[in-house]
Amino acid sequence: VQLQASGGGSVQVGGSLRLSCAVSGGTFSSYAMGWFRQPPGKEREFVATISMYGSSTVYADSVKGRFTISRDNAKNTVYLQMNSLKPEDTAVYYCAADLIFRNRDPSPREYYYWGKGTQVTVSS
């Protein structure tokens, strides 16, 4: 299974970005999908996760109300819409896939497949 994240970039405070993660090499609807991020000098942290058919989502407290995770199983793609961005959202963002959906904040160790990250920089 290969994951390719895209859509990162530089944006000012209050702006928006939409990240995409295209998945290939597996049956997309078999996988729960997650977004994680790694701020400079810090450990990788959970952002959001979505169940196999999109019926359930979980968000980190720090992004609730600002970020929305969604998926399009016909396009084998998961998205992260990020609004009202803050400087503390600056990080490398990673998408991940796993056969198990966890209806809580998962640890990065609980995801098996990972894509390369995409940089998001929020400046004031």
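Before going into details, it helps to say that this report is about the structure given with it. (Residues numbered from 1 in each chain as written. Predicted model: local features only at pLDDT ≥ 70, side-chain atom pairs only at ≥ 80, totals over all residues. Heavy atoms only, no water.)

Of regular secondary structure, the protein possesses 0 helices and 11 strands. Traced from its N-terminal end to its C-terminal end, the protein shows the element sequence β-β-β-β-β-β-β-β-β-β-β. On C-alpha atoms alone, the protein measures out to a radius of gyration of 13 Å, which is about the 14 Å that the 2.2 N^0.38 rule sets for 124 residues. Principal-axis analysis of the C-alpha atoms gives the protein an extent of 40 × 25 × 25 Å. The buried share among the 124 residues of the protein stands at 46%. Pairs at least 24 apart in sequence give 59% of the contacts found in the protein among residues at least 6 apart. For the protein, the computed accessible surface area is about 6,100 Å², with 46% contributed by carbon and sulfur atoms. (Helix = DSSP H or I, 4+ residues; strand = E, 2+ residues; numbered from the N terminus. Rg over C-alpha atoms; globule rule 2.2 N^0.38 Å. Buried < 20%, exposed > 50% of the residue type's maximum accessible area, 1.4 Å probe, protein only. Contact = heavy atoms within 4.5 Å. Areas by Shrake-Rupley, 256 points an atom, 1.4 Å probe, with all protein chains shown as cover.)

Sheet architecture is open: 4 strands sit in the order E1-E3-E8-E7, paired in antiparallel fashion. Pairing within the sheet leaves two strands with one partner each, and these edge strands are strand E1 (2-6) and strand E7 (67-72). Each strand axis lies, on average, 15° off the axis of its neighbour in the sheet, ignoring direction. Two strands pair when backbone bridges link them, and E7 and strand E8 (residues 77-82) are joined in this way by 6 bridges, in the antiparallel orientation. Residue pairing in the sheet places Ile69 in a bridge with Leu80 of E8. (Pairing = 2+ DSSP bridges. Axes fitted to C-alpha atoms, helices over the stretch in contact; angles between N-to-C directions.)

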